Amino acid sequence: MNKKIQSYIKLQIPAGMANPSPPIGPALGQKGINIVEFCKSFNKSTENLEKGIPIPVIITVYQDRTFTFIQKTPPVSFLLKKYSKIQKGSSKPKKEIVGTITTKEIEEIAKMKKVDMTGSNIEKIKSSIKGTAYSIGIKIEE
């Protein structure tokens, strides 16, 4: 028997750090979901990841107030900043370079993101990642 879907909630939650405070509590509370149960489930499913990494999550809320969720991989911009060891992107990306990344590291990110991105092949995914790198002021080196 299929459950009837009430809605979807999209959030970005730090790995292993889900708690009832905003934005999680209000988003789930207004849909009638057990917030503590979600936080425990999410934290358990992310316990093997580096604590604090932002994890996009899509929560499916059913009419009987139960839920399921799907975790995605961390955002490309987060991974680029992590690999290039910078805190934030450039405020003037075309004029100011704030970090560098190698094509090998871009390939690693592309392989990691392949499960979530819509690019049909790894080359298209790498191209998309390079575009993001340029837009946040990261120079790509061979």
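So, a few notes on the structure that sits alongside this text. (Residues numbered from 1 in each chain as written. Predicted model: local features only at pLDDT ≥ 70, side-chain atom pairs only at ≥ 80, totals over all residues. Heavy atoms only, no water.)

Next up on the list: helix α5 (residues 122-135). In this model, α5 (14 residues) spans 20 Å end to end at C-alpha, consistent with the 20 Å of a helix rising 1.5 Å per residue. For α5, the full list of buried residues reads Ile125, Lys126, Ile129 and Ala133. The buried residues of α5 occupy one face: seen down the axis, they fall within an arc of 100 degrees. Summarising the geometry of α5, the exposed residues directed more than 90 degrees from the buried face are Lys124 and Tyr134. Among the structural elements, α3 (76-83), α4 (103-113) and β5 (138-141) are those in contact with the buried residues of α5. The opening residue of α5, the one whose side-chain oxygen lies 3.0 Å from the backbone nitrogen of glutamate 123, is asparagine 121. (Helix = DSSP H or I, 4+ residues; strand = E, 2+ residues; numbered from the N terminus. Expected span 1.5 Å × (residues − 1). Buried < 20%, exposed > 50% of the residue type's maximum accessible area, 1.4 Å probe, protein only. Arc of directions from axis to C-beta. Contact = heavy atoms within 4.5 Å. Polar contact = N/O pair within 3.5 Å; in protein donor to acceptor, adjacent residues only side chain to side chain.)

Inspection of every chain in the model, using the stated rule, returns six salt bridges. A salt bridge links lysine 126 to glutamate 123; its shortest N-O distance comes to 3.2 Å. With lysine 126 and glutamate 123 both in helix α5 and three residues apart, this pair spans about one turn of that helix. Here the salt bridges share partners, and the residues they tie into one network are Glu107, Lys111, Glu123 and Lys126. (Salt bridge = Lys/Arg side-chain N within 4 Å of Asp/Glu carboxyl O.)

Within α3, the full set of buried residues consists of Val76, Leu79, Leu80 and Tyr83. Within α3, the buried residues cover an arc of 100 degrees as seen down the axis, which keeps them to one side. For α3, the secondary structure elements touched by its buried residues are β4 (99-102), α4, α5 and β5. Trailing α3 by a residue or two, lysine 85 shows a phi angle of about 55 degrees, which is positive.

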